[in-house]
Each structure stands twice: as structure tokens, then as C-alpha cells.
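# Observations on the model geometry
Chain by chain, the residues run as shown.
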Amino acid sequence: MTARAAILPAGPDTVARAARVLAAGGLVALPTETVYGLAARALDPTAVARIFAAKERPAFDPLIVHLADSADLPRVAQLPPDGDLRRRIDLLTAPHDSGGLWPGPLTLVLPRHPEVPDIVTAGLDTVAVRVPAHPVFRAVLAALGEPLAAPSANPFGFVSPTTAAHVADQLGDRVDLILDGGPCAVGLESTILDLRAPVPRVLRHGAVTLEQLRALLGEVTTGPAVLDRPEAPGQLARHYAPGVPVALLPQHVGAPGGPVGAAWLLVLDGPAPAWATDYARVIAPAQDGDLTRTAVALYGVLREAGAAGVARLDVLACSEEGLGAALLDRVRRAAM
Ligand code: AMP
Ligand code: MG
């Protein structure tokens, strides 16, 4: 495809149009609460192949399957009738008012249903699944009536898009349609939890925190941050490449080491320290300590610094607790 895709404001008509494009095997960029996704019919290998082509994504990197409702889980995963795995699935996918975490930014790695094509799972015997919370994505899923595969709507290895304009900038000539649902409320990709091991394991940190998962499940481990052949492609070392050198400064650093010159400073948590005045620009989204503001801003700041040709982006670390684990993970990988 060479024509640039239209960015359409999300509404009943455009949701119906997006569902028609998807039903015909097309590619539609859609808002989720985490980042914008590049969606295609998950059970149609030809449609899914177009996702890999558009993103220039390596075939070993499996995709997340998105469902309208947790009741659809048996369509894509094999659920044991009872036992530990079943109990954990039921706890996590229960409605929020029953203490569960779906819909939301939590992806579960589960035994795969044979109908899920190999191209979706990169040939693994598991499938990654989530029920997104964004009303536009959910409306498209409901209109289509089948699961959607949807990785982040960016070329492989680059920063994920958190607005429709980000998608248009990088993939505008490779998708059929972009639905604009406004900026993403979370701003970081989903937490990925592998439920098959005796002890559940976080493969990628996200807005659903380790603390939340432990409160529900008891013991939960975290995987190695970087693997050669990743179980979760979010684990690739070089990821979130922003096009600007990024340096992570320890949280309680007295002042930056060398000259800051034309560098920018991003403060992950709290107000800017006194020494920040040396920087050309200082960004402190979580002045009040609310890290969700930093998560929403992070990828936009990386893009802006890259586009502005800033000499360096220094990032002042936060603590590893809560959402801090996901923020530090993404910044560390942007810094590689
Ligand atoms: P993206 O949306 O671009 O972040 O990509 C989707 C993510 O889902 C990838 O980074 C993978 O880490 C993860 N994923 C998909 N399928 C599996 C699976 N079967 N096992 C582990 N991780 C998976
Ligand atoms: Mg991605």
C-alpha cells in the first residue's frame, strides 16, 4: 500500500468501518489503554502476515491476541477444568468488582488453542491473550465478533505510539485506517504474565504491577530482563530506540557527571532537583509523585527528544516499586 491512511476520529460509523476493513483482512491502527495497536484478524494467517510486513517485525516475535470478553478465552487458549492454572486464570480474569484485573493492561501467556495460527505465536505452544479496556478497541472487537492480533503500531524496535499522530508518522503509508481515540491513558505496553510455570512469572513489566499480582496470586517471580531469543519480545535488549542517546541517572545522584550542554532532563518521579537548571529543558511529569503521569508522557518525550535532535536525554531514575519497575525497564532499554 502506498496511499496514506486516513486518521478518523473514533465514533459509531468509523468503528463499523474499521470492523469492515478488518473483516476483509485489512490492517487498522486502534487505540488501546496501553499504546496504539496495529490490528488484524488473529485467526487469519494472511491478515496477520500483513502486520509482520508493515512493522518489519521478525517472525520469531509472537503477537498478543485481544478478546472482547474473558468469556471468549476458550476460543484461543486451552483452559484446564480445574487445578492451580485454572484457579489463577479465574482470579485474574474476574471482573474488577470481584477483584480481577480484566479488562486491563495485563497479558496472560496460556496453553494455545490449535486454531490459533503459528504465525501469531511464532510457533510456540502458548498464546499471549488480553482483554483491553479501551472503549474504542472493545467496540471494534464487538462489531467484528472475532479476536484481533495487535502488537504496538510502530516499526519493529522503535518507540511505541501513544497518539494517532505517532502512528501516522511512522506507519501511515502501511495501514488501511487509523482510528483516533485520543492519547493513551496508560502509555506503556501491557504487563505480560506467564501462568504455565508452577510459580507465575512476569515476562514484561507494565501498568499492572508485581505488587498487584502478588496480592492476588501469592508468589510471583520476574523473568530475566534480556534474552537472546526472547519469550516475550518486549525482552529484546534493543527496543524502544528513540533516536537520541539516553542516559539513566541514579535516583539520588547529587548532580550529573559531566557537562550537560544542550541535553534534556526527564525526572521520572517528583519535582526537578536544584541542579536541573543546567539543562536546556527539564520535564518532570510526576511533580506530585503520581507515576502514571510519567508513564503517559514517557514515549512522547522520547519521540520529541529524537525529533528535536537533542544531544542527549538524561533520565533521573525513580524507585523500582510499583509502576517504577515498568518505567525503569523501558528507559534502560531505550538507553542501550
Ligand atoms: P508488542 O505489542 O509489540 O509489545 O508485542 C507483543 C508482545 O507479546 C511481545 O513483545 C511478546 O513479548 C509478547 N508475546 C506474545 N506471545 C507470546 C507468547 N506466546 N509467550 C510469551 N510472550 C508473548
Ligand atoms: Mg512493540
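What comes next concerns the included structure. (Residues numbered from 1 in each chain as written. Chains lettered and ligands numbered in written order. Predicted model: local features only at pLDDT ≥ 70, side-chain atom pairs only at ≥ 80, totals over all residues. Heavy atoms only, no water.)

### Quick look at unusual backbone geometry
- With omega at -5 degrees, the peptide bond leading from Trp102 into Pro103 counts as cis.
- For Pro103, the location among the structural elements is in the loop between α3 (84-93) and β5 (106-111).
- Despite not being glycine, Glu56 has its phi angle at roughly 55 degrees, a positive value.
- For Glu56, the position within the fold is in the loop between α2 (45-55) and β4 (64-66).
- Even without glycine at this site, Ala122 takes up a positive phi of about 55 degrees.
- Residue placement: Ala122 occurs in the loop between α4 (118-121) and β6 (126-130). (Helix = DSSP H or I, 4+ residues; strand = E, 2+ residues; numbered from the N terminus.)

### Looking at the environment of Pro198
- Relative to the helices and strands, Pro198 is located in the loop between β9 (191-194) and β10 (201-204).
- Given a relative accessible area of 69%, Pro198 falls into the exposed group.
- For Pro198 and Glu219, which are 21 residues apart along the polypeptide, the C-alpha to C-alpha distance reads 9.7 Å. (Buried < 20%, exposed > 50% of the residue type's maximum accessible area, 1.4 Å probe, protein only.)

### What to know about α3
- If you check which residues of α3 are buried, you get Leu85, Arg88, Ile89, Leu92 and Thr93. Buried residues of α3 fall within an arc of 110 degrees about the axis and therefore sit on the same side.
- Residues of α3 that are buried sit in contact with β5, β9 and α7 (210-217). (Arc of directions from axis to C-beta. Contact = heavy atoms within 4.5 Å.)

### Considering the sheet that holds strand β13 (residues 264-267)
- Taken in spatial order, the 4 strands of this open sheet run β12-β15-β13-β14, and their pairing is parallel. Each of the sheet's edge strands pairs with one partner strand only, and the pair in question is β12 (246-249) and β14 (281-283). Strand-to-strand twist of the sheet, defined as the mean angle between neighbouring strand axes without regard to direction, takes the value 20 degrees.
- Strand direction decides the pairing type here: β12 and strand β15 (residues 313-316), joined by 4 bridges, are parallel. The residue of β15 that forms the bridge with Ala247 is Asp314.
- Packed onto the sheet, helix α8 (residues 291-308) meets β12, β13, β14 and β15 and runs at close to 175 degrees relative to β13.
- Of the strands in this sheet, β12 and β15 touch helix α9 (residues 324-334), which is tilted by about 135 degrees from β12. (Pairing = 2+ DSSP bridges. Axes fitted to C-alpha atoms, helices over the stretch in contact; angles between N-to-C directions.)

### Describing the sheet that holds strand β8 (residues 177-180)
- Taken together, the 11 strands give an open sheet; going across it, the order is β1-β8-β2-β3-β7-β4-β6-β5-β9-β10-β11, and neighbouring strands pair in mixed fashion. The sheet is open, and its two borders are formed by β1 (6-9) and β11 (221-222), each paired with just one other strand.
- Direction of pairing for strand β3 (residues 37-41) relative to strand β7 (residues 148-149): antiparallel, over a ladder of 2 bridges. Bridging from a neighbouring strand, Arg41 pairs with Leu148 of β7.
- The sheet contacts of α3 involve β5 and β9, and relative to β5 the element is tilted by about 155 degrees.

### Examining the packing of α8 against α9
- Put simply, α8 and α9 touch, their axes get as near as 10 Å, and they point 15 degrees apart. Considering the angle they form, α8 stands roughly parallel to α9. The handedness of the crossing between α8 and α9 is left-handed. The segment α8 lies against α9, with Leu291, Thr294, Ala295, Leu298, Tyr299 and Leu302 engaging Gly324, Leu327, Arg330, Val331 and Ala334.
- Its residues assigned to classes, the contact of α8 with α9 shows 8 nonpolar, 2 polar and 1 charged. (Parallel < 35°, antiparallel > 145°, perpendicular 65-115°, else oblique. Left-handed = near helix turned anticlockwise from the far one by under 90°. Nonpolar A, V, L, I, M, F, W, Y, C, P; charged D, E, K, R; others polar.)

### Comments concerning the packing of α3 against α7
- Their axes nearest at 10 Å, the elements α3 and α7 cross at an angle of 125 degrees. Comparing their axes, α7 and α3 come out oblique. Crossing of α3 against α7: the hand is right-handed. Residues Arg88, Leu91 and Leu92 of α3 form the contact with α7, whose participating residues are Leu213, Leu216 and Leu217.
- Split into classes, the residues belonging to the contact of α3 with α7 amount to 5 nonpolar, no polar and 1 charged.

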